[in-house]
Structures are given as structure tokens and as C-alpha cells.
6 protein chains.
Amino acid sequence: MGIHRFFMSMNDLERIIRAPGRFKYEEHNVAAHSWKVAQYAMFFGTIEENNGAVINWKSLYEKTINHDFAEIFIGDIKTPVKHASPELKQMLSHVEEKMMEKFILDEIPEEFRPVFFDRMKEGKDETIEGRLLELADKMDQVYEAFTELQHGNTDPEFIKMYETALRKILHLPLEKSVAYFKEIMLQDIMAEESVIDVKSITLKILVE
Amino acid sequence: MGIHRFFMSMNDLERIIRAPGRFKYEEHNVAAHSWKVAQYAMFFGTIEENNGAVINWKSLYEKTINHDFAEIFIGDIKTPVKHASPELKQMLSHVEEKMMEKFILDEIPEEFRPVFFDRMKEGKDETIEGRLLELADKMDQVYEAFTELQHGNTDPEFIKMYETALRKILHLPLEKSVAYFKEIMLQDIMAEESVIDVKSITLKILVE
Amino acid sequence: MGIHRFFMSMNDLERIIRAPGRFKYEEHNVAAHSWKVAQYAMFFGTIEENNGAVINWKSLYEKTINHDFAEIFIGDIKTPVKHASPELKQMLSHVEEKMMEKFILDEIPEEFRPVFFDRMKEGKDETIEGRLLELADKMDQVYEAFTELQHGNTDPEFIKMYETALRKILHLPLEKSVAYFKEIMLQDIMAEESVIDVKSITLKILVE
Amino acid sequence: MGIHRFFMSMNDLERIIRAPGRFKYEEHNVAAHSWKVAQYAMFFGTIEENNGAVINWKSLYEKTINHDFAEIFIGDIKTPVKHASPELKQMLSHVEEKMMEKFILDEIPEEFRPVFFDRMKEGKDETIEGRLLELADKMDQVYEAFTELQHGNTDPEFIKMYETALRKILHLPLEKSVAYFKEIMLQDIMAEESVIDVKSITLKILVE
Amino acid sequence: MGIHRFFMSMNDLERIIRAPGRFKYEEHNVAAHSWKVAQYAMFFGTIEENNGAVINWKSLYEKTINHDFAEIFIGDIKTPVKHASPELKQMLSHVEEKMMEKFILDEIPEEFRPVFFDRMKEGKDETIEGRLLELADKMDQVYEAFTELQHGNTDPEFIKMYETALRKILHLPLEKSVAYFKEIMLQDIMAEESVIDVKSITLKILVE
Amino acid sequence: MGIHRFFMSMNDLERIIRAPGRFKYEEHNVAAHSWKVAQYAMFFGTIEENNGAVINWKSLYEKTINHDFAEIFIGDIKTPVKHASPELKQMLSHVEEKMMEKFILDEIPEEFRPVFFDRMKEGKDETIEGRLLELADKMDQVYEAFTELQHGNTDPEFIKMYETALRKILHLPLEKSVAYFKEIMLQDIMAEESVIDVKSITLKILVE
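Residues numbered from 1 in each chain as written. Chains lettered and ligands numbered in written order. Predicted model: local features only at pLDDT ≥ 70, side-chain atom pairs only at ≥ 80, totals over all residues. Heavy atoms only, no water.

Chemist: Got a minute to help me understand the overall build of chain A in this structure?
Modeler: Tallying secondary structure elements over chain A gives eleven helices and zero strands in all. Starting at the N terminus and walking to the C terminus, you meet the elements of chain A as α-α-α-α-α-α-α-α-α-α-α. For chain A, the C-alpha radius of gyration of 18 Å lies close to 17 Å, the compact-globule estimate for 208 residues. Principal-axis analysis of the C-alpha atoms gives chain A an extent of 55 × 45 × 30 Å. Here chain A holds 208 residues, and 64% of them are scored as buried. A separation threshold of at least 6 residues defines the contact pool for chain A, and within that pool the share at least 24 residues apart is 71%. (Helix = DSSP H or I, 4+ residues; strand = E, 2+ residues; numbered from the N terminus. Rg over C-alpha atoms; globule rule 2.2 N^0.38 Å. Buried < 20%, exposed > 50% of the residue type's maximum accessible area, 1.4 Å probe, protein only. Contact = heavy atoms within 4.5 Å.)

Next comes the structure, spelled out in C-alpha cells:
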């Protein structure tokens, strides 16, 4: 029933908490997460651009701020569920897609529908912007898990989340960004005071 | 890896919030909701028993306290999604079932598995205990929606939630309980001070 | 004035926080606690039944979900107070009883009063259901204290709470349940990662 | 075991919430309440002093900041309980007194015990400082209830709390303060926008 | 010391609450606000582009996600203060600028300093991207104030915030966007259920 | 417009959180902090009085409960900002002063203005009451930082806050109070269980 509805629904994403159901020292909502992803992506996009890549900034902007919009429908599904089986994961993606389609047809005025269909589709494709989105999304998983471990969260799920995101980043086809992350940022992460021994966990992943 | 894991997972249900993503004056977690459902069911079970029905109290006990356990996996899916399409709803139920099966096989010792498979299956069947569970679950939806409307929540979703649950209750095959609810309790609900006019909404449903 | 009032008062128990006034990493309300007690009791009731005991499931159901209802009147009195002196403890119980009596006479319709007087009286008697309630209530104290210690809560009150509940459980006249708890579950608790050394605390109690 | 323990226990009062168990738009802890009481008392003490009274400011200071310290033991007992019966109220006061005595003997070094026994005793006596404390304490009840009604809290308990405190204030033997409150401040309260009609409630009390 | 520090500081913005010190039904943090601003800006940028304007999307992306970064230093200064006097406002801006300068010199590696100095400077300039940022920022003020009024917030500050932002938007030199907002979206806002009469407030502004 | 406005604004201070933007295990509001400062000051004032000093208790009362009132205007500026440069600190003090002046002229009736101008001015002067205020304010900083370190807060800002406040206290010209703090209370602080090693940090400061 209009763009007004779309803007109102952004408030819903401020109420959707990431990693629901787990004990956490700090909660993060999907709106704030999306902003952080936009920040990481801009930084690494700058690194890639400085090294000669051509970045479509409009596309990167669209991809990062919209990448979790579908969570207004089913929330941030608990991670263990997401990874339980490829089949379940696919079924959930399909549900989200159908809900998004219905939302756009119900709420978005006809003139803007093509734009919204385009912006709301899965953004993690093979383009450099798609890869930067993947990097930025995993980067926030690294930081969310890291700060929990730093405060002393003993839930093994956060170690798994940290390790999984780290491994994913290290294998991403974004040479310069990954090198900067590995050689500079990861050293700073390991140098931080932390109740849980993040340094050892990180070193173990690095030697793999 | 044991009953210990099962007991620890109950804490997860204290962190799962009902009706996620919507503005609410008060949040309710799934653990507290399950307790209230056990209370409503015991009251209406008593009414039915006083009127000659035979209640299997062990079954009612099992059904009420376990009926939302599967929400540890995908949380309390937002209501509009649940009702979006029968097909999506069914897909989500299927995902939950698969997750529960996996959980029981992974965590519950073999000697207790049959009991857990039995207790964790969908409880809203045609038995009188299944119907009492359905009544009790809808009753809590009535109360959750009512208190939001009472505080002045203008989100139309809560009116819809109140109306849907009310209609469902009024058509349940539990003659004495429904009569008691309609003739006594609903009068008290309508007599309460309320910022949103719950009385008119209720009367409209009653004349249908 | 009626069952409606009783049902509305359940919402009050969702707002009463256990162990008030102490620093806690996680808060638990009395409603959620009551649900967990109903779960522990069902599990250990099953163990006892499997070993030949006769369980009155209706009674166990009633006892567990109602055992802390009187906290709507004076809340969850701080533990050090409860244990300060037997005389004070008795005075507080007396206050609660009087308030409950007044509540039933004021709010519960005459036809249901006998049932409510019966359900709301102290449930921890010598019957097997009374002992299962005591076990289940202490079990939740073990888990609440354990998770605080696990997160690193240095308040000595939580060590005391853990030790007191543990000792109480180990001496309960429920042979099979206590054996299962001691031989299986307690091993899993000691095997968990924990900021505070729960294993040593537990072993110290076990050798007593 | 020392003044350190006493200072640490102040943190407990920041965790004790007033009017526990009731739905509230805003929570107030006992520490913040005590500060507000000290502020009201200083203002009305100034009015009395300007009109010729002699104020013992040290006594007023002591009375206001310590008047609810005993709540570290049994918290802020729910108001309906406090007023349930004079006998119950007296029993609870007795419990608090005994706990306070025990606390002082256990924690406060001998040299400071007389001072603490003096400061921690009931402060609402017949002195002008005792009456200013009573006025200030009721004033905060007026403001806490007023802001709830202003936001639209339909719980009749808050109307009762507002009315009771108002009546109490209007009959206090503090002529100048009460006149200032009634003729100036109460007019400003009635002039505020409010979801619940506080003006009518107030006028009804004034004509009594 | 490095980009790691910059990324860690984003977490600080999740803890900075907008409109601090005022009663609010919902709190919004600066991180989530920044994301919503990026969303509004993208939508209105699309409208302008569809009507022939040339948008520098990289600049709009940079401006929106960074526009409140300086709030990590002094937080979201209370609005009445911000508008108290142009002189005070200017002094506060100067403080923020100095702090940001210091932060960049302390934390950002030399190679990235020029980029950060550029991105962190005041974004609301005369370019079309600067005007879109101003529109988007005010849009979020409209929505934050509107939802408070909708829930029944009687604090006159929120009416003032709504009116001020609305007036500002209606006079912005962004013809197509302002027309769309005024003719389409504002109608939808006025059509919403609301405890406080937003429609009248809006109409009063429109006839000015 | 009147004392009513002043009393309503006290509620704002309950919503202003100290050390905003940093991760904290426990939040403290400015109202509760002011109460604790009034408590520390009374205790150390008693020590000084017992050792022959003459205390103006009215002045100490006024100073302690009003010392942070100006935070209703710009909140609790983040500590690193406060200490960034003497020049910035002075500018912020000036802003606060101007806001307070404006507030008194706008809200306080003429007859009370001199009293309010006097009470709201900077209280940390050279009088014994001014020095007791400084001691009490730093004491609360010690306790706030200590409890964070005790829970395991790895943010180096809290170590800095603890050290800075400790050093300040140890050099205050209040011989008896400082001796009592150093010889008695600090020993008890060091004897507490703590996740972060507060004892070493304290000893390091003591040998300076």
C-alpha cells in the first residue's frame, strides 16, 4: 500500500535480534548489522579500487543495505538451523523469496516494482560487489563472535561462528582485501585482551 | 549428548520472544507462554471433568508444556508469515519436524527416545486433551493481544490476532469450556478499561 | 472478580524476577521458572514410573505449575532473607498464606474455591509428587546458579545457591532420580566450559 | 565485614525495582527514588525555613537518603500487600528491622554501629524532618503514578496510588509546603496533557 | 591503532541512543538510524534520477553511512540543547570536529587518512547528494517522532520534532522528492491510526 | 514553568546513562549515581566530623544531590572526550553553564531563583564540603569501574577510569578520610574475587 509501508517496515528490522535464543553479552539488531556491513564493504571496496578494480558503487550500496531485508518475514533463523542441511536451508530461502515477492506486489507501487525486485534479490553473486558483500557480511560475523568471546561467552556456537566466518573470508576471491584483513587487521584482533583465548583459535585456522 | 543438553536448551526458550519484530508494550517469552498454556488447560480441563468428561491428565500435562518446544529451532515465526499460505506454513512445519527429529537423535539417550518422540509430536489432535491444548494456546493469544490493545497498541496485527483467536475458540468442540469463556470471562474482558475499544471488537465477533 | 482476574495475574508472574537485587548475567521470571520445574518433574517422574513407582500425574501437574503462585504477593524474597532465620522464614510463609487466602476469597468464584485452596497450598509434602516437586525446584536452582557461574559471576551467593541446591538434591528420598542425576547429568555439567571452576565446587560436595 | 560491604550493597538497591510485578511504562529503582526524595525534601525544607521553621539539615539529609535502605532485604513489597492488613504490614516491618539489625552487626565496624543504628531506624517521626520525609516520599508516589497515568496505564492500582498519596499529602501537618503544593504545583500537574484524565481524578480528591 | 579500531568503534554507535533522557516507547540507536537514512536516501535518489538528475551514488553512499559517526564522541546531544542557541550549536560542532580529527590521526593508518578526512566531514552541503542526505535525515526524524505520537507519547518535544522536520523537508530544494513525499507518503501517514492526532498537526503545517 | 517542571526533569536524569557508548555489564543512571555520591559523602563527612572538622551538612547535602544536574542538558559526555583537551573540557562546561542559566530563568519562579543559582553552580570548591563532594564523586567512579573489572570487562577504558579516580582520591586534602579509604576499604576491594586482576592494578598505584 505504498512506500510508507516499506519505510515503516524498517522499524521491524530494528526489533529483529541476530542469533536469537542464544545467551549473548550484547544484542545486535538487523538494521544496525546492515549499516556495519555497508561500512565494511565501503572500506574493502576502497582497497580494491585503489588496486585497480572498478567498483559499481551504486550496486554495492544497494546490495549491502538490502541484503537482510527478507528477515522482516522469518527473522534471523538460528544459525544451527541454517546449516542443518542444504535441503532445509534451500526450503527456508524459498519461503523468504515467496514472502518478499508477495510483499513487493502488495506494498510497492507499480512504478517502483522492477527496482525493488532487483534490489531485493540475493546479492551474493560472482560480481566484485557480490563478493564484497559476502566479505562484509562475514566480517560482521567475525566481529560479533569475537566480542562475545572477548567478554567470556562459553557457548561453543560463537567459536564455531568465528571459525566458520574466518575460514570463509580467507578463501574469498578478493586478493587485496583478504591480504589486508589477514596481515593487518587479524593481528590487531589477536593482540586484544580477551577472556576466551581468541589468539589460539585464530592461529589454528591460519595454519590450516 | 544427554538430558543435560535438553535441560540447557530450555534456557533458549526463555530467550525466544513471541511475535518478534512487532512493536509491543510487553514481551513474552516462549517458556512463560508454555506455563500459561498449562494453566489455562488445567482450568478448562477441570470444567470438562466436572461436567463428566474423562481427562487424561498425564497427556494434557505433556501436551501443554511441550507444544512449542520446536521453537528452539526456528523461533516464533512472525504470524503474518505463518498464515501467508498453507503451502508455506506446511513447509515450515516440515522444517521444524526434521530439526526436532535430528535433535532427539543427537541429544536424547536411546532409552528415552520413544518417550521424547511421542511427547514432541504435534499435540493438537482430536482427543479432548488435544482440543484443550488448542483452546489454551488460543486463550493466551487472546490475552496477549488484549493486553496490547488495552495499553493502546495501534498495530492492526494485534486486532487481527485477537479476532482470529477469539473466532477459533468460539468454534472449538468443547461445549462447557467455550460456554464458560463466552458467558463469564469474555464479559469481564469487555468490562476492563482499555485504550483501544476491545468491547466493540468483541461484540462484532459475537454477533457473527 | 473471577477467573479472568486469576488469568490476568499470571502476567504479573512474568514480571517478577528471581533473585532480585543481585547482579545476574541473565534474568529469569517466575512464570518461566514454573515451566522449567514442570519439565524437570515430568522427566524424573518418568524415571520413577519406569522403575515401578505409581505417579499421580494430575497431582504432579498441579503442584509444579502452581508452586510459586504466591510470589505474585511478595515477589521472590531475596534468598539470604529466606534463610536468615527459621522464624523470619515462617513469618513470611504465613504472610503469603494469608494473602493467598484473601485472593481466593476475593477473586475466585465460589464453585472453584475448594479446587483453588487445594492447588495453592504448599506442594512439597511427603508424597512422591511432593518430593518430585522439591527435586525439580532445586534442579532449576542448580541450573540458574550453574549458568551464572559459567558466565563468570563472582557473587559468592551463586556458589552458595549451587552448593545448597546440590546438597539438597543428593539427600532427597528419590533413589532412581537422584542416581540418574548424580551419575549421568552431573558428569555433563562438570564437563562444560565454565569461567568459574564449577567442577571443583561439585567434586567437593560429592565427597562430603 | 566493613564499610566496603555497605557501599557494595548500594548497587543492590539500583537493581530493586519499585512496584514490582505490575505493568509499567517506566521502571524506577530504589536508588534513584531515594535521590528524588532527597530533592523534594530539600525544596520543601527550604519553603518551611523561609517561613520561619528551623530545619536540622543533617537529620533531613540522613533520613531521606537512608529511608528505603531496608529494601535491600525484602525488596519493594508490592503495594497491595503492604496495605492488605495492618497486622501483615507490621509483621513485614518487623522482618525488615531484624534483617537490618543483623546486617549492621555483621557488616558495620563497631565504631560506626551507633551511627548506623540511628540512621537506619524508621525516619518518619513527628519532627519537622520526619514530616518532610513523609511528604517527599508521597510526592514521588504522586509523580510515579502521574507519569504512568499520563502515558495511559490502565492498571487501577496506579489511580489508587495517585489518590492515596495525594490524600496523605493534603492532610500533612506542614502548612506552607502543602499550600504551595496544592495551589501551585497541583495546578501545573492538572494542566499537563495526559492519556488518562488526571485532572478529574485530582479535582475529585480536592473537593473531598 | 588501525582500521580494526575503527571497526570496533562501530559497536559504540549501536550503544548510543537517540533523543537520550526523554521518555520513549521505542529506543533507536545511531547505527540503525544511519542504515535507515541510507535507505531513504536511496529511494529519493532513485526518484531524482528517474526525473533526470545525475546522482553520484558513491558520494551518497559515503555521506549517509558516515553522517553521524562523530556521535561516538559526544553522543546524540539532546535536541533542545542543539537548538538552544546558534552559538552553542557551533561550539558543539567544533568540539566534534576536533575529536574526529584527533581520532583519524590516532587510529587511521596514513594511507587511508585523506579518504577518512573526506568521508567524515559534514555531508549536508549544496550538492544534490548533500540535499538528499538532509532529506533522509529529516525523514527519519519524521518517522521516529510519528511512531512515538502514534503510541501516545505526550512529551511535547516529539510534536516539536515532528513539526520541525516536516517544515524542513517541505522547503528542501528537491522538487520531485518533496512532491512525492507530500502528495503520496504524507497521505499514508495521516491515514494511520494514532493515539495522538497526527493528522491535525500535519494539516496545520501543510496550510502554513 | 515552575517547580513542577524541575521535578519532572528529575525523571530525565533517570534516563541518562553514565559512560554511554561503552560496553558495560551494568548500567548506572545519573539519578542513582547522585544518591550514591550523597551516601559516600555522608560517611566521610562523619569521619571528618569525628576527627574534629566542622561540617556544614546543609551545604554537603545541596552539593551532592545537585552536582550532576546539568547532565539533563548534554548527558554524561563520554569520558575520553571530557579528558581530550582542557580547552574542549572548558568549552563543554561553558555550554552546560549557559543551558543551566537558561533553564533557571525559564522554569524556576523568581522567588527561588537565587537559591537555585547557588545550588546549581559547580560544587567542587576548596571548602571541606567541596572536597568531600570530589572524594564522593571519585569514589563512585572507583566502584563503577571496579565492578566492571570484577565481571571481566576487558575495555581498557575501565582500567583507566579506576586508576584515574584512585590516584585522584589518594591525593585529596582530606587526611582522615583518605587514610580510612586506603588502609581499610582498599584492602577489602583487593580481597574480592575478580575476573580482571584488580589487586595488581591497585598495588601498582599504591607504590607510585
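Chemist: Got a minute to help me understand the interface of chain B and chain C in this structure?
Modeler: One widely used convention gives an interface's size as the accessible area the parts lose upon coming together. Across the boundary between the two partners, chain B contributes 55 residues, which contact 55 residues of chain C. Here chain B and chain C share an interface that buries about 4,800 Å² over both sides, 66% of which is from carbon and sulfur atoms. Of all residues in chain B, the largest losses of buried area upon contact with chain C belong to Phe7, Trp35 and Tyr61 of chain B, amounting jointly to 17% of the total for that side. Note that lysine 36 of chain C and glutamate 14 of chain B form a salt bridge whose closest N and O atoms lie 2.8 Å from each other. If you look at where chain B meets chain C, you find 24 residue pairs in polar contact (both at pLDDT 80 or more). The dominant element in the side of chain B that touches chain C, judged by the number of residues it contributes, is helix α2 (residues 30-50) of chain B, at 16 residues. Its residues assigned to classes, the side of chain B that touches chain C comprises 30 nonpolar, 13 polar and twelve charged. (Buried area = accessible area lost by both parts, 1.4 Å probe. Salt bridge = Lys/Arg side-chain N within 4 Å of Asp/Glu carboxyl O. Polar contact = N/O pair within 3.5 Å; in protein donor to acceptor, adjacent residues only side chain to side chain. Nonpolar A, V, L, I, M, F, W, Y, C, P; charged D, E, K, R; others polar.)

Chemist: Help me understand the interface of chain E and chain A in this model?
Modeler: Tallying the contact residues gives 54 residues for chain E and 54 residues for chain A. Surface buried jointly by chain E and chain A totals about 4,800 Å² across both partners, of which 66% is contributed by carbon and sulfur atoms. On the surface where chain E and chain A come into contact, there are eight salt bridges. At the junction of chain E and chain A, the tally comes to 24 residue pairs in polar contact (both at pLDDT 80 or more). For the side of chain E that touches chain A, the element with the highest residue contribution is helix α2 (residues 30-50) of chain E, accounting for 15 residues.

Chemist: Whenever I open this one, the packing of aromatic side chains confuses me. Can you help?
Modeler: Tallied over the entire structure, the rule returns 105 aromatic pairs over all chains. Centroid distance phenylalanine 69 of chain B to tryptophan 35 of chain C: 6.4 Å. Interplanar angle 40°. Geometry classified as tilted. One end of the pair, phenylalanine 69 of chain B, is in the loop between α3 (57-66) and α4 (71-74); the other, tryptophan 35 of chain C, is in helix α2 (residues 30-50), on a second chain. As far as the burial class goes, phenylalanine 69 of chain B and tryptophan 35 of chain C line up, both buried. Measuring from ring centre to ring centre gives 5.0 Å for phenylalanine 6 of chain F and phenylalanine 69 of chain F, while their planes differ by 25°; the resulting arrangement is stacked. With phenylalanine 6 of chain F in helix α1 (residues 3-15) and phenylalanine 69 of chain F in the loop between α3 (57-66) and α4 (71-74), this residue pair connects regions lying 63 residues apart in the sequence. Among the aromatic residues, those joined into a cluster by ring pairs are Phe6, Phe7, Phe69, Phe112 and Phe116 of chain A together with Trp35, Tyr40, Phe43, Phe44, Tyr143 and Tyr180 of chain E. (Phe/Tyr/Trp six-rings, centres within 6.5 Å; stacked < 30°, edge-to-face > 60°.)

Chemist: Would you take a moment to explain the arrangement of the chains for this structure?
Modeler: If you take every C-alpha in chain A and every C-alpha in chain D, the smallest gap between them is 18 Å, and the two do not touch. Separated without contact, chain C and chain E have their nearest C-alpha atoms at a distance of 18 Å.

Chemist: Which parts of the structure should I look at to understand the nonpolar core?
Modeler: If you look at soluble globular proteins, the nonpolar side chains tend to sit buried side by side. Formed by 421 residues in total, the largest nonpolar core has its most connected members in Tyr162 of chain A, Tyr162 of chain B, Tyr162 of chain C, Tyr162 of chain D, Tyr162 of chain E together with Tyr162 of chain F. Not counting chain neighbours up to four residues away, the residues in contact with tyrosine 162 of chain F comprise Val142, Ala145, Phe146, Leu149, Leu186, Ile189, Val198, Ile201 and Thr202 of chain F. (Core = buried A, V, L, I, M, F, W, Y, C linked by side-chain atoms within 4.5 Å.)

Chemist: Looking at this model, I keep getting lost on helix α11 (residues 198-207) of chain A. Mind explaining?
Modeler: Residue pairs three or four apart in sequence face the same way in an α-helix, which turns once every 3.6 residues. Residues and elements named next belong to chain A. Along α11, the positions that sit buried rather than exposed are Val198, Ile201, Thr202 and Ile205. For α11, the buried positions fall inside an angular range of 95° around the axis, keeping them on one side. In this structure, the buried side of α11 is in contact with α8 (128-151), α9 (156-170) and α10 (175-191). (Arc of directions from axis to C-beta.)

Chemist: Is there a simple way to explain the relation of the copies chain B and chain C in this structure?
Modeler: Both copies of the chain are related by one operation, a rotation about an axis with a shift along it. Between chain B and chain C, which share one sequence, the superposing operator has a rotation angle of 180° and an axial displacement of 0.0 Å; the RMSD is 0.0 Å. Between the two chains, the operation in question is that of a two-fold axis. Every residue of chain B has its C-alpha some distance from the rotation axis, and the shortest such distance is that of alanine 32 of chain B, at 2.1 Å. Interface overlap between copies: 100% of the residues of chain B at the interface are likewise at the interface in chain C, consistent with a symmetric, same-surface contact. (Least-squares fit on C-alpha atoms with pLDDT ≥ 70 in both.)

Chemist: Help me understand the relation of the copies chain E and chain A in this model?
Modeler: Superposition record for chain E on chain A: RMSD 0.0 Å, screw rotation 180°, translation along axis 0.0 Å. A high fraction, 100%, of the interface residues of chain E reappear at the interface in chain A, so the copies pair face to face through one surface.

Chemist: Is there a simple way to think about helix α8 (residues 128-151) of chain E in this case?
Modeler: Residue and element names in this part refer to chain E. For α8, built from 24 residues, the straight-helix expectation of 34 Å at 1.5 Å per residue is met to within 8% by its first-to-last C-alpha distance of 35 Å. By the criterion of burial, α8 is predominantly enclosed, with 23 of the 24 residues buried. Downstream of α8 by a residue or two, glycine 152 has a phi angle that is positive, lying close to 100°. (Expected span 1.5 Å × (residues − 1).)

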